[in-house]
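# Observations on chain architecture
The lines below spell out each chain.
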Number of protein chains: 2
Amino acid sequence: MATIYEVSKLANVSLATVSRVMNGNTKVSDKTREKVLSAMRELGYRPNATARSLASNRTDTVGVLVSELNGAFFGEMMAGIEQELRLADKHVIITTGHSEEEKEKDGIEFLLSRNCDALILHVEGVSDEYMIELSKGKVPVYLVGRNIEQISENCISLDNEYGGYLATTSILAQGHKEIAYIAGQQFKPDAIERFAGHKKALSEAGVELNQSLFFEGDFKETGGAAGIKALLATGIPFTALVCANDEMASGAMKYAREHGIDLPKDLSIIGFDNVIFANYLYPKLTTVEYPIFEMGQMGAKLALREVYGKQDVYVKQVFSPQLKMRDSTLPV
Amino acid sequence: MATIYEVSKLANVSLATVSRVMNGNTKVSDKTREKVLSAMRELGYRPNATARSLASNRTDTVGVLVSELNGAFFGEMMAGIEQELRLADKHVIITTGHSEEEKEKDGIEFLLSRNCDALILHVEGVSDEYMIELSKGKVPVYLVGRNIEQISENCISLDNEYGGYLATTSILAQGHKEIAYIAGQQFKPDAIERFAGHKKALSEAGVELNQSLFFEGDFKETGGAAGIKALLATGIPFTALVCANDEMASGAMKYAREHGIDLPKDLSIIGFDNVIFANYLYPKLTTVEYPIFEMGQMGAKLALREVYGKQDVYVKQVFSPQLKMRDSTLPV
DNA sequence: TTGTAGGCGTTATCAG
DNA sequence: CTGATAACGCCTACAA
């Protein structure tokens, strides 16, 4: 593989000049540039990323951590991040945290060990304090899908509480009063906030929250099925079921149908996220849209602007959820 | 950040010895090792991955290219790859090819520019010839989900034709004779092979293939909807619909239902892949299982064995699909 | 605008 | 088993 040295010899210029042509920072005369470029072509020269990193102290690599690589939600998020970064010629190195504190920390360490220029994280297990501490480190850290007051300038977040509020409000507007709820793990900020929105909507409407109709799920299909099973087992009637995400809603729908519940007539179900398959379920799932693709993009843009000095990229940091009315909810 | 140099000074040994302790290849006396290790601890030393790469000509990084980052299928594949590689302390850098020849080539270039130690690809747009040529290069290339005869020792693949055969055979076994087909893009090997299996099953059963009941989709929900729409528009009756993947099946199901078709009574639909949501559709989708998570793992293992010299890892290269009988297909 | 020279932090090759 | 020392390929003051 040709090195910069051979190029400089062939082009009859110094190493520095070749470097300048590559990087385009400094001025180089057109004639010189041409000489260099043609030498590069002739040798099929390709810069060595590693050497470049060592000398420049930049790797052009952004580390990304998500809870899971499968799952519709994270897929969209990664797609948004990758698209943006790739356009800017930055490499994405990816790893998972599985929503567990220790694994998330390991994952972050793992990314840091690679000398990433920046980190974009979707973490659910680690504490705010940990993140604040991490942010003081040398490597800039950006958070997608989570807002931490003290480092909010590094966060891209959704107003989850409002989303939860929207969901339940729409259910209430359809006249439901007996409403069950399947939540996400209550250590996850998303889950907590959505549930807070739910409670707020109820209280505003003067509807009492029935603790027996609350189930803590896990944001997965199976959790949704387990949830509705438990809720039905209470024997307490309910006409609507609010799920903290679409996966659980789909699990609940499946279970309900298998147990003779006629959807949506007997039971209205609403989800959260609006992942792609929500629209392909039957009945089509009413849900709250979480613009995670765009939020992923924004996380990437934030990094591009702050770390790589891309000026004038617009970054929106706080997103608002939106209700997607479909067929899985019906007036009581 | 402490460097190896400071460690060597504190431990009173040479750079080389510190390096040996880190890498554990060469023998170092226990006493020396302890000295070095404690010096490392004291300084909070962490090796610089970049410098290490430059000197060793290894990056401990594997480049992965998939068509899309969203999508249930690719999510599983990446999860399998990442899990395996992470366990072996290898970093995964990921990018997309969007099933287009040029973009795939760009993506591969992009990964190569990062000096990956190996590439694991799921490519659909590039030709066999291109891949064979690429394999002659310096960087080992492994293919998941595609088999190319000349480089089959680097491939992890599924017997797609058999899968297609299985699907249609199961439909025929239920007495269907009027069978429509929604295929994937006919430049993609998967799509071609599955369809070949379909034809084989038909011909074995003495059922004639009706060209008018063939539609070339795009492996996406929307393509499935467009497909069934076109098929219905022919006016030719059919009692079963074979889709080349689950996404299209789900799109077709949605469209069918919206147009008054009673599933599965009026129409049996079968998919391919067995992505997670197949089981949450209504009716639950009969499909052919594609063990892509495991295949991703195998791709990673192959790389670990061949590139990183991990002995004795067992690698299975050819997988067999399996029929998943569910509720979306019914005897005629 | 261009060239020179000293790093960047490790690994690897030799000796010892 | 351990130590010097030259790479590794490029960047970046600084000088010209």
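What counts and what doesn't
Residues numbered from 1 in each chain as written. Chains lettered and ligands numbered in written order. Predicted model: local features only at pLDDT ≥ 70, side-chain atom pairs only at ≥ 80, totals over all residues. Heavy atoms only, no water. Least-squares fit on C-alpha atoms with pLDDT ≥ 70 in both. Contact = heavy atoms within 4.5 Å. Salt bridge = Lys/Arg side-chain N within 4 Å of Asp/Glu carboxyl O. Helix = DSSP H or I, 4+ residues; strand = E, 2+ residues; numbered from the N terminus. Buried < 20%, exposed > 50% of the residue type's maximum accessible area, 1.4 Å probe, protein only. Near = heavy atom within 4 Å. Polar contact = N/O pair within 3.5 Å; in protein donor to acceptor, adjacent residues only side chain to side chain. Nonpolar A, V, L, I, M, F, W, Y, C, P; charged D, E, K, R; others polar. Pairing = 2+ DSSP bridges. Axes fitted to C-alpha atoms, helices over the stretch in contact; angles between N-to-C directions.

Per an unreviewed UniProt entry, chain A goes by Transcriptional regulator, LacI family and derives from Thalassotalea agarivorans.

Turning our eyes to something else, we now look at the relation of the copies chain B and chain A. Two copies of a chain can be linked by a rotation about an axis combined with a shift along that same axis. When chain B is brought onto chain A, the operation consists of a screw motion whose angular component is 180° and whose axial shift is 0.1 Å, with 0.1 Å RMSD remaining. The superposition of one copy onto the other is thereby described by a two-fold rotation axis. Taking C-alpha positions as reference, the residue of chain B nearest the rotation axis is Ile 93 of chain B, located at 2.1 Å. A share of 100% of the interface residues of chain B reappears at the interface of chain A, consistent with the copies meeting face to face through the same patch.

Residue and element names in this part refer to chain A. Inspection of every chain in the model, using the stated rule, returns 33 salt bridges over all chains. Taking the shortest distance from any N to any O, the salt bridge between Arg 194 and Asp 273 comes out at 3.5 Å. Linking Arg 194 in helix 9 (residues 189–204) with Asp 273 in the loop between strand 9 (268–270) and strand 10 (287–289), this pair joins segments that are 79 residues apart in sequence. The buried category is assigned to Asp 273, whose relative accessible area is 6%.

Attention now goes to the protein's contact with DNA strand C. In the vicinity of DNA strand C there are 27 residues, among which Thr 17, Arg 20 and Thr 32 of chain A together with Ile 4 and Ser 19 of chain B approach most closely. Considering DNA strand C, the proportion of its atoms within 4 Å of the protein that are sugar or phosphate atoms stands at 62%. Ser 14 of chain A has a polar backbone atom sitting 2.9 Å from a phosphate oxygen of DNA strand C. Breaking the surface near DNA strand C down by element, the ones donating at least two residues are helix 2 (15–23) and helix 4 (49–56) of chain A together with helix 2 (15–23) and helix 4 (49–56) of chain B. When residues of the surface near DNA strand C are assigned to their parent elements, the largest contribution, five residues, is made by helix 2 of chain B. Of the residues assigned to the surface near DNA strand C, the class counts are twelve nonpolar, ten polar and five charged.

Right, let's talk about the sheet that holds strand 8 (residues 240–243) of chain A for a bit. Residues and elements named next belong to chain A. The parallel open sheet is built from four strands, whose spatial order is 7-6-8-9. Each edge of the open sheet carries a strand with a single partner, namely strand 7 (214–216) and strand 9. Taken over all neighbouring pairs, the strand axes of this sheet differ in orientation by 15° on average, direction set aside. Bridge analysis of strand 6 (residues 179–183) against strand 8 gives four bridges, and the strand direction is parallel. Residue pairing for strand 8: Ile 182 is matched across the bridge by Cys 243. Each of strand 6, strand 7 and strand 8 is contacted by helix 9, which is oriented at about 165° to strand 6, the strand it contacts most.

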